[in-house]
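# Chain and residue survey
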Amino acid sequence: MATRHDTAAPPAKEGGAAPGRPPAEPTEAEQRHRARLSRRWQRDKRWSPYAFVSPFFLLFLAFGLFPLVYTGWASLHQVELTAPTDMTWVGMRNYTRIFDDDFFWNAAKNTLTIGIISTVPQLLMAMGLAHILNYKLRASTFYRVAMLAPYATSIAAASLVFVLLFGRDYGMINWALHFVGIDAIDWQNDKWPSQFAVSSIVIWRWTGYNALIYLAAMQAIPQDLYESAALDGASRWKQFLHVTLPSLRPTILFTVVVSTIGASQVFGEPLLFDANKGASGGAEHQFQTLGLYLYEQGWVNQHLGRASAIAWTMFLILIVIGIVNYVISRRLRASS
């Protein structure tokens, strides 16, 4: 008897889905739309980073590069503040005049001495404070915030307080010195006392800022180094000398360079410390810095061309400082 072989498909289960259809081919309009979106995405991926950083470059061109180029051009001309568009070409005469000016060299010397007096104690105190804060202390967050309080204080307010402290007749500093047998010091008119007083404002304002930079670098040092040094019998002082300081060399170099650049641009502190409230830096220019000298030539004497030459001279000094920093940092990296 012949056997029947059924070739029909089995019935679909209840609730089951029918076999899916193959996806339909996209139409020509859909293909054009997808291609357009793909090109837009590629453009967005390529140009969006430039759009995000463009505000900085636009502001830098407007307020950084253009003033730099314009002052360089103005330094080669005789131009007065009363008529800034009337320029007379003089070449390098503005530079030769300031280099022959005794007041320029006096300002450069004062800038150097104030920079040394303010930078060296500032960084040493910042290193010590950072070393103390690196230990586990109660209310450590409070102390770190307090370190930034002088930096956040207005220069005008700080200078006013220091003027009162260093007053000759009623200042608290002379009042305290009187108890140890020292006569009253004229902090605003004597050369070295006035430079020390101006430097003290800079020290007070920037020590905490540098201390937090050192503290952040100290906390990045691996604790294994300290544990190994302690196992070898090294005291806390030897650990600081042989572990902390070598690890902080790049940070120390950075703070030295930044503090040196800041010292070469000191302006607000000596301007507000002057008893006559002028740009002369004292009756005998005893604490007039390059920043004050520039301000005096440009906005008091109204010689914009000469002030531009001073500004470019200061800019070249900063370039030299940057080159020295680069050479020293390369040698330190090579030695390490």
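Just above sits the structure.
For clarity, every value in this text was computed on a predicted model and none was experimentally measured.

The next thing to look at is the overall build of the chain. Counting its regular elements, the chain contains 13 helices and two strands. Taking the principal axes of the C-alpha coordinates as reference, the chain spans close to 140 × 70 × 40 Å. Per-residue burial over the chain gives 34% buried out of 336 residues. Pairs at least 24 apart in sequence give 65% of the contacts found in the chain among residues at least 6 apart. Per element, the accessible surface of the chain, about 22,400 Å² overall, is 65% carbon and sulfur. Each charge sign in the chain was given a centre, from 28 positive and 22 negative side chains, and these centres are 12 Å apart.

Let us look at a positive patch on the surface. A surface patch of positive charge is lined by R36, R39, R40 and R43. On the secondary structure map, R43 appears in helix α1 (residues 28-74).

Bringing the packing of aromatic side chains into the picture now. Under the defined criterion, the tally for this structure stands at 24 aromatic pairs. Their ring planes at 75 degrees and their centres at 6.5 Å tell us that F166 and F273 sit as a pair that is edge-to-face. Taken together, the residues F166 in the loop between α5 (155-165) and α6 (172-178) and F273 in helix α11 (residues 268-273) connect sequence positions 107 residues apart. Residue F273 is classed as buried on the basis of its relative accessible area, which comes to 0%. One aromatic cluster is present, built from ring pairs that chain together F162, F166, W187, F196, W204, F273 and F287.

This part covers the nonpolar core. Soluble globular proteins tend to pack their nonpolar side chains together in the buried interior. Counting residues in hydrophobic clusters, the biggest one holds 18 residues, and the most contacted among them are M127, Y214, M218 and L248. Discounting residues that sit within four places of it in the chain, L248 has contacts with M127, Y214, A217, M218 and I221.

Scanning all chains against the criterion turns up two salt bridges. Here R168 and D169 are joined by a salt bridge, their closest N and O atoms 3.4 Å apart. Overall, R168 belongs to the partly exposed group, its relative accessible area being 46%. Here R168 makes a salt bridge to D186, at a shortest N to O gap of 3.9 Å. Highlighted residues: R168 in the loop between α5 and α6 and D186 in the loop between α6 and α7 (191-219), separated in sequence by 18 residues. Taken together, the salt bridges that share partners define one network made up of R168, D169 and D186.

At a minimum axis distance of 6 Å, the contact between helix α3 (residues 102-133) and α7 shows a crossing angle of 35 degrees. Crossing of α3 against α7: the hand is right-handed. The residue inventory of the contact of α3 with α7, partitioned by class, reads 20 nonpolar, nine polar and one charged.

Below, the discussion takes up the side chain of S308. Considering the arrangement of structural elements, one finds S308 in helix α13 (residues 304-335). According to the relative accessible area criterion, S308 is buried, its value standing at 7%. In this view, S308 contacts T71, A74 and S75; residues no more than four positions away in its chain are not counted.

Rules used in this analysis
- Each chain carries its own residue numbering, running from 1 in the direction its sequence is written.
- Local features in this predicted model are restricted to residues of pLDDT 70 or higher, and side-chain atom pairs are both shown and tallied only at a pLDDT of 80 or more, whereas totals for entire chains, interfaces and linings draw on every residue.
- Water and hydrogen atoms play no part in the side-chain values, which are based on all heavy atoms of the structure.
- Secondary structure counts use DSSP, requiring at least four H or I residues in a row for a helix and at least two E residues in a row for a strand, with both numbered from the N terminus.
- Any residue under 20% of the maximum accessible area for its type is buried, any over 50% is exposed, and the rest in between are partly exposed; the area is computed with a 1.4 Å probe on protein chains only.
- Residue contacts are counted whenever heavy atoms from the two residues lie within 4.5 Å of one another.
- For the area figures, the Shrake-Rupley method with a 1.4 Å probe applies, and any residue is considered shielded solely by the protein chains shown.
- Positive: Lys, Arg. Negative: Asp, Glu. His and the chain ends are not part of the count.
- Taken as the charge location is NZ of Lys, CZ of Arg, CG of Asp or CD of Glu.
- Grouping into patches uses exposed residues only, defined as over 30% relative accessible area, and leaves out salt-bridged ones; the cut-off is 9 Å for like charges and 5 Å for nonpolar side chains (Val, Leu, Ile, Met, Phe, Trp, Tyr).
- By definition, a salt bridge exists where a carboxyl oxygen of Asp or Glu is found within 4 Å of a side-chain nitrogen of Lys or Arg.
- Working definition: rings of Phe, Tyr and Trp (its six-membered ring) pair if their centres are within 6.5 Å, and the pair is stacked with planes under 30 degrees apart, edge-to-face with planes over 60 apart, and tilted otherwise.
- Here, the term nonpolar core denotes a set of buried Ala, Val, Leu, Ile, Met, Phe, Trp, Tyr and Cys residues that are joined through side-chain atoms within 4.5 Å.
- Lines fitted to C-alpha atoms define the axes, with helix axes restricted to the stretch in contact, and inter-axis angles between N-to-C directions lie between 0 and 180 degrees.
- By convention, the crossing between two helices is left-handed when the near helix turns anticlockwise from the far helix through less than a right angle, and right-handed when the turn is clockwise.
- Under the scheme applied, nonpolar residues are Ala, Val, Leu, Ile, Met, Phe, Trp, Tyr, Cys and Pro; charged residues are Asp, Glu, Lys and Arg; polar residues are all the others, including Gly.

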